[in-house]
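Working through the structure, step by step
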Amino acid sequence: MFSRLFFYSVQIQTKKNLITMFDPVFIVSLLVLGVVSGVLAGLLGIGGGMLLVPFLTFLMVSQGVPVEHVVHSSIATSLAIIMFTSISSMRAHHKAGAVRWDIVKFLTPGILIGGFIGSKVVSYLPTKELALVFGAFVIFSAYQMYADKKPKPSRTLPGKAGLAAVGGVIGAASAIVGAGGGFLSVPFMVWSNINLRNAVATSAALGFPIAVFSSAAYVINGQHLQGMPAGSLGYVYLPAVACVAVMSVLFAPYGAKLAHTLPVKKIKRIFALLLAFIAMSMIYKAVTGF
């Protein structure tokens, strides 16, 4: 009798999970999120994680993701989505001949190491202080870009070791906040006198290794989790990945096309306003205790 009751309870829970997973409002919300993140990825060279994580956090609570895991799950899911978005965006920019593969080559090793470390230690970091530091840095970058501040003509990219170190910082920060790294890599390259369109295109290419290694670490680190909804792989919620990735892959090339047709100054200002919004959001969350 008890075994029969257990069997029925499992069946009921499974049906509830499936109904929740295929909730039309949830799916439509994810599809719209995919369109917006795809366009931004192509236009600005960002993976869209700063946009994805807050909305995914809100949406995935309704899917039964435990509250204590929902932020980590949103970050991991965002990174998994960026794997697909970055490929689409990167291909479009590569066709335009804008990706600086020499920069990608030297930044990537540091990004891989930093991304893995960042995803491992994220739960031990003082989140409030970290958010405030990042917020302040991003606001400074946004001001520089919006005001169209010109870097010193003599300023160039650092050497191989310097680029690897910068890559480590970008990779760790991206893993911690669930982004593709564009919020750091684009300002860094522009600061180093790299043309904005090349910086955006190169950032799109960098998003792929960041997303692959960081999301893989979240899958591995989340194998022990209990109570995650059906469709979860570690911290990654696969139904959300599927819905958002499809639309972001389709729309990223449109964003990339805009990046090569809009005036550089206008792209800078769009990017600066987005950075400012991200920074204020991070600071607000830090001050209010997330």
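Structure shown above.
Quick look at the structure, then. (Residues numbered from 1 in each chain as written. Predicted model: local features only at pLDDT ≥ 70, side-chain atom pairs only at ≥ 80, totals over all residues. Heavy atoms only, no water.)

Broken down by element type, the protein carries 11 helices and two strands. For the protein, the sequential pattern of α-helices and β-strands runs α-α-α-α-α-α-α-α-α-β-β-α-α. Split into buried and exposed, the 290 residues of the protein put 48% on the buried side. Within the protein, contacts between residues at least 6 apart in sequence are counted, and of these 80% link residues at least 24 apart. Carbon and sulfur atoms make up 72% of the accessible area of the protein, which totals about 13,900 Å². (Helix = DSSP H or I, 4+ residues; strand = E, 2+ residues; numbered from the N terminus. Buried < 20%, exposed > 50% of the residue type's maximum accessible area, 1.4 Å probe, protein only. Contact = heavy atoms within 4.5 Å. Areas by Shrake-Rupley, 256 points an atom, 1.4 Å probe, with all protein chains shown as cover.)

Let us look at the environment of Ala-211. With respect to the element layout, Ala-211 can be found in helix H9 (residues 196–221). On the accessibility criterion, Ala-211 (0% relative accessible area) is buried. Ala-211 sits 129 residues away from Ile-82 along the chain, and the two C-alpha atoms are 5.9 Å apart. What Ala-211 contacts, discounting residues up to four positions off in sequence, is Leu-79, Ile-82 and Met-83.

Now for helix H10 (residues 238–259). Note on helix geometry: an α-helix contains 3.6 residues per turn, so any two residues three or four positions apart are oriented the same way. For H10, with 22 residues, the first-to-last C-alpha span of 30 Å sits near the 32 Å given by 1.5 Å per residue. Regarding H10, the residues found buried are Pro-239, Ala-240, Val-241, Cys-243, Val-244, Ala-245, Met-247, Ser-248, Ala-252, Gly-255, Ala-256 and Ala-259. (Expected span 1.5 Å × (residues − 1).)

The next point concerns unusual backbone geometry. Of note in the backbone geometry, Asn-193 takes a positive phi value of approximately 70° without being a glycine. Assignment of secondary structure puts Asn-193 in the loop between helix H8 (182–191) and H9.

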